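Letter by letter, the chains look like this.
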Amino acid sequence: MAGRFGFSSSSPATTMIVTNTPAADLALTNLAYCSPTDLQNFAIPGTRLNLASVGDAFVLTVSPHQSIQKGHIALNAIQRRHARVSTGDSVSVSRFVPPEDFNLALLTLDLEFVKKGTKSEQVDAVLLSNQLKKKFMNQVMTAGQRVSFEFQGINYIFTVNQAAVEGQETSNGIERGMIVNDTYIVFETSKASGIKIVNQREAASSSIFRHKEFNLQTLGIGGLGDEFADIFRRAFASRVFPPHVTNKLGIKHVKGMLLYGPPGTGKTLMARQIGKMLNGKEPKIVNGPEVLSKFVGETEKNVRDLFADAENDQRANGDQSDLHVIIFDEIDAICKSRGSTRDGTGVHDSIVNQLLTKIDGVESLNNVLLIGMTNRKDLLDEALLRPGRLEVQIEISLPDENGRLQILQIHTNKMKESSFLAPDVNLQELAARTKNYSGAELEGVVKSAVSFALNRQLSLDDLTKPVDEESIKVTMDDFLHALHEIVPAFGASTDDLERCRIDGMVDCGDRHKHIYQRAMLLVEQVKLSKGSPLVTCLLEGPSGSGKSALAATVGIDSDFPYVKIVSAETMIGLHESTKCAQILKVFEDAYKSPLSIIILDDIERLLEYVAIGPRFSNVLSQTLLVLLKRLPPKGKKLLVFGTTSELGFLDSIGFCNTFSVTYNVPTLKTEDAKQVLAQLNVFADEDIHAAAEALNDMPIKKLYMVIEMAAQGEEGGSAEAIYSGKEKINIQFFYDCLQDIVRY
């Protein structure tokens, strides 16, 4: 392996004779000594370091001494014991060149006296840490290595329990690294040692974290920079400072945080990575339902057991105890509002009570950080959300364009390094196209794109055929196909909107054009205005006049990331309370998107209106009235279109006043019908005027129906020829069809 100076990690091994350290005081330096002539064998070019790997057991800094003979190496008693050699034995020694990223971030040392039975001593971690860094600067420490040293007139031995290098989560080989100024040293002692460590947390200002700095993208977190900044400020800033600082400020650490938001946005990922970044104990990850038990009292015991280690640690070490992180995934499963569940056992209420007691009870803990995650914050008990409990509440919302770009970069990074990503792939364009995609959905898009690329290399006729790895390329077309396959949960319902305008959109007169232009102005108003977070528009007119098609067209042309249509056809047979819940969910989902459009199609049908009586659902009516007046959350904007053919009824129940503006979508006049027929090109030129006059005051939906009927011809089978322009509709047969659908 190449070292940081461009040389291999070690030179060829040589055999040297082991001898005693020249003087007693030199035994406390942890250095190995050799003759001045041998020193050059261990020199690291370009530095003043001389490092030797001794017996493959540890790495020592080598210093010259005139009394050492050539070919000999002086080791103290502890070093000889660890290398399993005695004075006069031969040992294998080689030059050691440190690799890249070899600085120690964390060094955990177990302290003991050299002479057992020495009276008890109180050791200041700050002073000891500073002295050890000064004394052993640039020395290499290996897990398991024992080192003797002197501190305040007393000789000690430390054993290296952990040697964590910066930027490395775990080491597959030997834990080893070099002591530098930024190394954080943690001291541990056994109860029988007689050594008490004080000011442990003050030994380093950033002791809570494993690394000096964070690159969220290397942690696999994209698009959540602002949220992480809030979490750090609220939950960790106070923990970075030594305990005496927070005591002087008179504050307590934050004990809990709640991450909430739509599914797939990265709540669980962020919680797990926060746990990994902290220097405390290994985080406990609990899925909500795992705590539940069928036995009486067992569930509450499970909750208590989660906090047992933290309680024991705080009793033993007080303010010096480590941070214990408990991560609750799907916390809404066990912490519902008390009294909301009717299971008869009251177990859910007991869980909430037990959790509240542990977090902020009489014997509350200051060394615990509880992280809860949910996409149903509304289900949680209020008492759990007050300050002192889950007081830091961070919404992990859908990523913006920059966030989506970061997420796509994270998921395509390996294929890019392996040259599997085609040059035509434009991640910036993909980020712009994937509005309202969550992080999980973006990962799904990448997986889908890869599946298209891999499928090109396979033959269903012969699956055993060897695959050429070099020819695997994920192209932009693969990603575009994947976008059609992976549809965002909070995206535009394009298919539903297209169904509202099956016949497409045609120019059908100045009035329709005027309404469309005004509707698009409302879109611009919602997009740009700071004073109009909610705009509502009612399109009213006769049945079939094109209201739904017009609203759907505005929704598609708006380019808003969230466009949903609410119609009675999706709620057939549902109870009115279920309908209310569905309508409410559409609005709640819209509040998660920065720009949204909701289309309430055929409002009278949603309200179950019947003219006889008249009768309608008051529950649905009141629900819609409230939702149409409720402002969206800060930073979110909503445009609501409603369509109706019963304006008089809606006016009678006070519905019309809730809409900001109302437009009448009229039937077609003769000139309007003439424009439509000219575009359809299904009549002879001399018949267009006569057909348009017959269609005066006709809704456009019925116009299309008459044209479809007449295009079949008297004998049938003429439609293809007519729509291709080879034949024209017989005007007389058209009149006959018109009489069939006109009510007298």
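The residue numbers shown here count from 1 along each chain, following its written sequence. Totals for whole chains, interfaces and linings use every residue, but because this is a predicted model, local features are given only for residues with pLDDT of at least 70 and side-chain atom pairs only at 80 or more, for both listing and counting. Hydrogens are left out, water is left out, and the side-chain values use all remaining heavy atoms of the structure.

## Remarks on the overall build of the protein
The helix and strand tally for the protein stands at 23 helices and 24 strands. Each residue is assigned to one of three classes by its accessible area relative to the maximum for its type, calculated with a 1.4 Å probe on protein chains only: buried under 20%, partly exposed between the two thresholds, exposed over 50%. Counting all 744 residues of the protein, 49% fall into the buried class. Whether two residues are in contact is decided by their heavy atoms: any pair within 4.5 Å suffices. Taking the contacts inside the protein whose residues are at least 6 apart along the sequence as the reference set, 79% of them involve residues at least 24 apart. Of the roughly 36600 Å² of accessible surface on the protein, a fraction of 49% belongs to carbon and sulfur atoms. The numbering of helices and of strands both runs from the N terminus, where a helix is a DSSP run of H or I of at least 4 residues and a strand a run of E of at least 2. Accessible surface is estimated by sampling points in the Shrake-Rupley manner with a 1.4 Å probe; for residues, cover comes only from the protein chains shown.

## A closer look at the pairing of strand β4 (residues 58-64)
In terms of burial, β4 is a largely internal element, six of the seven residues being buried. As paired elements, strand β2 (residues 32-34) and β4 share three bridges and run parallel to each other. Bridging from a neighbouring strand, Ala32 pairs with Val62 of β4. Here strand β3 (residues 51-54) runs beside β4; their pairing, made up of four bridges, is antiparallel. Counted as the bridge partner of Ala52 is Leu60 from β4. Pairs of strands are assigned from DSSP output, requiring at least two bridges between the strands. Counted along the chain from β3 to the antiparallel partner β4, the turn is three residues long, and its residue Gly55 has a positive phi close to 55 degrees.

## A look at the side chain of His324
When you line up the elements, His324 lands in strand β17 (residues 324-329). Any pair of nitrogen or oxygen atoms within 3.5 Å is treated as a polar contact; in protein, a donor-acceptor pairing is required on top of that, and neighbouring residues in sequence qualify only through side-chain atoms on both sides. Here Asp313 takes part through its side chain, which lies 2.9 Å from a polar atom of the side chain of His324. Leaving out residues up to four positions away in the same chain, His324 has contacts with Lys281, Asp309, Ala310, Asp313, Asn367, Val368 and Leu369.

## Some words on the packing of aromatic side chains
Each aromatic pair joins two rings of Phe, Tyr and Trp (for Trp, the six-membered one) with centres within 6.5 Å, and gets the label stacked for planes under 30 degrees apart, edge-to-face for over 60, and tilted for any other angle. Under the counting rule described, the total for this entry stands at 11 aromatic pairs. Centroid distance Phe149 to Tyr156: 5.6 Å. Interplanar angle 20 degrees. Geometry classified as stacked. Here Phe149 matches Tyr156 in class, with each residue buried. By the ring-pair criterion, three or more aromatic residues cluster together here, those being Phe113, Phe136, Phe149, Phe151, Tyr156 and Phe158. Lysine and arginine charges are scored as sitting over a ring when NZ or CZ, respectively, is within 6 Å of the ring centre and within 35 degrees of the ring normal. Sitting over the ring of Tyr260, Lys377 keeps its end group 4.5 Å from the ring centre.

## Re a negative patch on the surface
Exposure above 30% relative accessible area and the absence of a salt bridge qualify a residue for a patch, where like charges join within 9 Å and nonpolar side chains (Val, Leu, Ile, Met, Phe, Trp, Tyr) within 5 Å. What counts as a salt bridge is simple: a side-chain nitrogen of Lys or Arg found within 4 Å of a carboxyl oxygen of Asp or Glu. This count recognises Lys and Arg as positive and Asp and Glu as negative, with His and chain-terminal groups excluded. All charge positions are set by atom: Lys at NZ, Arg at CZ, Asp at CG, Glu at CD. A cluster of like negative charges, contributed by Glu714, Glu715, Asp736 and Asp740, occupies part of the molecular surface. By the element assignment, Glu715 lies in the loop between α21 (700-711) and α22 (719-723). Using a relative accessible area of 77% as the deciding quantity, one classes Glu715 as exposed.

## Considerations on the sheet that holds strand β16 (residues 284-287)
Pairing is parallel across the open sheet formed by five strands, whose spatial order is β16-β17-β18-β15-β19. Looking at the sheet topology across the chains shown, the edges are occupied by β16 and β19 (392-395). Strand-to-strand twist of the sheet, defined as the mean angle between neighbouring strand axes without regard to direction, takes the value 15 degrees. Direction of pairing for strand β15 (residues 256-260) relative to β19: parallel, over a ladder of four bridges. Pairing of Leu258 across the sheet is with Gln393, part of β19. Only the stretch in contact is used when fitting a helix axis, every axis being a line fitted to C-alpha atoms; angles between N-to-C directions are given from 0 to 180 degrees. Set on the sheet, helix α6 (residues 298-317) makes contact with β16, β17 and β18 (368-374); between it and β17 the angle comes to about 165 degrees.

## Remarks on α6
Helices are assigned an expected span. That span is 1.5 Å times one less than the residue count. Here α6 is 20 residues long and its end C-alpha atoms lie 29 Å apart, about the 28 Å a rise of 1.5 Å per residue gives. Along its length, α6 reaches its greatest deviation from straightness, about 40 degrees, at Phe307. Within α6, the full set of buried residues consists of Thr299, Glu300, Val303, Leu306, Phe307, Ala310, Glu311 and Asp313. Where α6 ends, the next residue or the one after it, Gly318, has phi of about 60 degrees, a positive value. Bend angle per residue: angle between axes fitted to the 7 residues ending at that residue and the 7 residues starting there.

## Thoughts on the packing of α21 against helix α23 (residues 731-741)
At their nearest, the axes of α21 and α23 sit 9 Å apart, and the two run at 130 degrees to each other. For the element pair α21 / α23, the angle class is oblique. As α21 runs across α23, the sense of the crossing is right-handed. Facing α21, whose interface residues are Lys702, Val706, Ile707, Met709 and Ala710, α23 presents Phe733, Phe734, Cys737, Leu738, Asp740 and Ile741. Residues of the contact of α21 with α23, tallied by class, amount to nine nonpolar, no polar and two charged. For classification purposes, an angle smaller than 35 degrees is called roughly parallel, one larger than 145 roughly antiparallel, one from 65 to 115 roughly perpendicular, and anything else oblique. It is the rotation of the near helix from the far one that decides the hand of a crossing: anticlockwise by less than a right angle makes it left-handed, clockwise makes it right-handed. Three classes are used, and their members are as follows: Ala, Val, Leu, Ile, Met, Phe, Trp, Tyr, Cys and Pro are nonpolar, Asp, Glu, Lys and Arg are charged, and the others, Gly among them, are polar.

## Examining the sheet that holds strand β21 (residues 562-566)
Taken in spatial order, the five strands of this open sheet run β21-β22-β23-β20-β24, and their pairing is parallel. The sheet is open, and its two borders are formed by β21 and β24 (661-664), each paired with just one other strand. The mean angle between the axes of side-by-side strands here comes to 15 degrees, regardless of whether they run parallel or antiparallel. Where strand β20 (residues 534-540) lies against strand β23 (residues 637-644), seven bridges are found, and the strand directions are parallel. Across the sheet, Leu538 pairs through a bridge with Gly642, a residue of β23. Docked against the sheet, helix α13 (residues 510-528) engages β20, β22 (595-600), β23 and β24, running at close to 155 degrees with respect to β23. In the packing of helix α15 (residues 576-590) onto the sheet, contacts are made with β21, β22 and β23, and the angle to β21 comes to roughly 170 degrees.

## Description of the nonpolar core
As used in this record, nonpolar core signifies buried Ala, Val, Leu, Ile, Met, Phe, Trp, Tyr and Cys residues forming a set joined through side-chain atoms within 4.5 Å. If you look at the biggest cluster of nonpolar residues, it comprises 31 residues, and the most contacted ones within it are Phe587, Ile598, Leu600 and Phe655. Among the secondary structure elements, those contributing two or more residues to this core are β20, β21, α15, β22, α16 (603-606), α17 (618-629), β23 and α18 (647-652). Those residues in contact with Phe655 that sit more than four places away from it in its chain are Ile603, Leu607, Ser621, Leu624, Leu625, Leu628 and Leu650. The next biggest cluster of nonpolar side chains, apart from the first, holds 28 residues, and it includes Leu677, Leu703, Ile722 and Ile729.

## Observations regarding helix α10 (residues 439-456)
Taking 1.5 Å of rise per residue, the 18 residues of α10 would be expected to cover 26 Å, and the 27 Å separating its terminal C-alpha atoms lies within 8% of that figure. Considered for burial, the residues of α10 that qualify are Gly439, Glu441, Leu442, Gly444, Val445, Val446, Ser448, Ala449 and Ala453.

## Description of the environment of Val325
Note that Val325 resides in strand β17. On the basis of relative accessibility, which here comes to 3%, the residue Val325 falls in the buried class. Residues Val325 and Ala310 lie 15 residues apart in sequence; the distance between their C-alpha atoms is 9.1 Å.

Treat this as a map of the structure, not an account of what it does.
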